[in-house]
Structure formats: structure tokens, C-alpha cells
Amino acid sequence: MRGSIVTLYELRAPRYPKYGPAWTRSAIASLRYSPTRRRWTLFWMDHNGRWHRYGDSGPTPTVSALLAELDHDPTGVFWE
């Protein structure tokens, strides 16, 4: 969490332990809060590391609907 932004990461165990014990960490989603609007908005990251507003759900006063959308992932932008 940094300011009004919460970034969610996926942590993966080493795929090939013989190359080292390092876990990988990949940003999956960003939840951004607007204090003036009192709304949360969901963002996804492209392969170039740029964030984009997720278009299938609009800003909402609670994060539960955004987390459900992230979990469901009908567009395939969050989970491979």
C-alpha cells in the first residue's frame, strides 16, 4: 500500500530451484482510492509495465465488487 493505492502481487515459488531459490513477484492489479469521490477503481498492468483502468467495472465505494471481478477475471487480463 502506498498512499491511496493498493497493489496486489502474485508470488511464485522458484520454477527451477537448481537456478536459485528466488521467488518471483508480479503485480496483478491496482486498487486506487479517490478521496474526493470516495470511490475505488481497478487497474490492470500490461506486459510493458503500464497500468490501465479496467473497463468492465466502474468506480465503487467498496473494494469487494472489484475483488470479485479480479477473482472472476472474465477478460483474462489479471490471471494467465
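The notes below deal with the structure included here. (Residues numbered from 1 in each chain as written. Predicted model: local features only at pLDDT ≥ 70, side-chain atom pairs only at ≥ 80, totals over all residues. Heavy atoms only, no water.)

Overview of the side chain of S57
Here is step 1 of the chain: Secondary-structure assignment places S57 in the loop between β4 (51-53) and α1 (64-72).
Here is step 2 of the chain: A relative accessible area of 14% places S57 in the buried class.
Here is step 3 of the chain: For S57, the residues in contact, after removing those within four places along its chain, are L42, L66 and E69. (Helix = DSSP H or I, 4+ residues; strand = E, 2+ residues; numbered from the N terminus. Buried < 20%, exposed > 50% of the residue type's maximum accessible area, 1.4 Å probe, protein only. Contact = heavy atoms within 4.5 Å.)

Looking at the nonpolar core
Here is step 1 of the chain: With 9 residues, the main nonpolar core is built from I28, A29, L31, W40, L42, Y54, L66, L70 and F78.
Here is step 2 of the chain: Looking at this core, the elements that each hand over two or more residues are β2 (24-34), β3 (39-45) and α1.
Here is step 3 of the chain: The dominant element in this core, judged by the number of residues it contributes, is β2, at 3 residues.
Here is step 4 of the chain: Not counting residues within four places of it along the chain, the set of residues in contact with I28 comprises L8, Y9, E10, W44, M45, W51, L70, F78 and W79. (Core = buried A, V, L, I, M, F, W, Y, C linked by side-chain atoms within 4.5 Å.)

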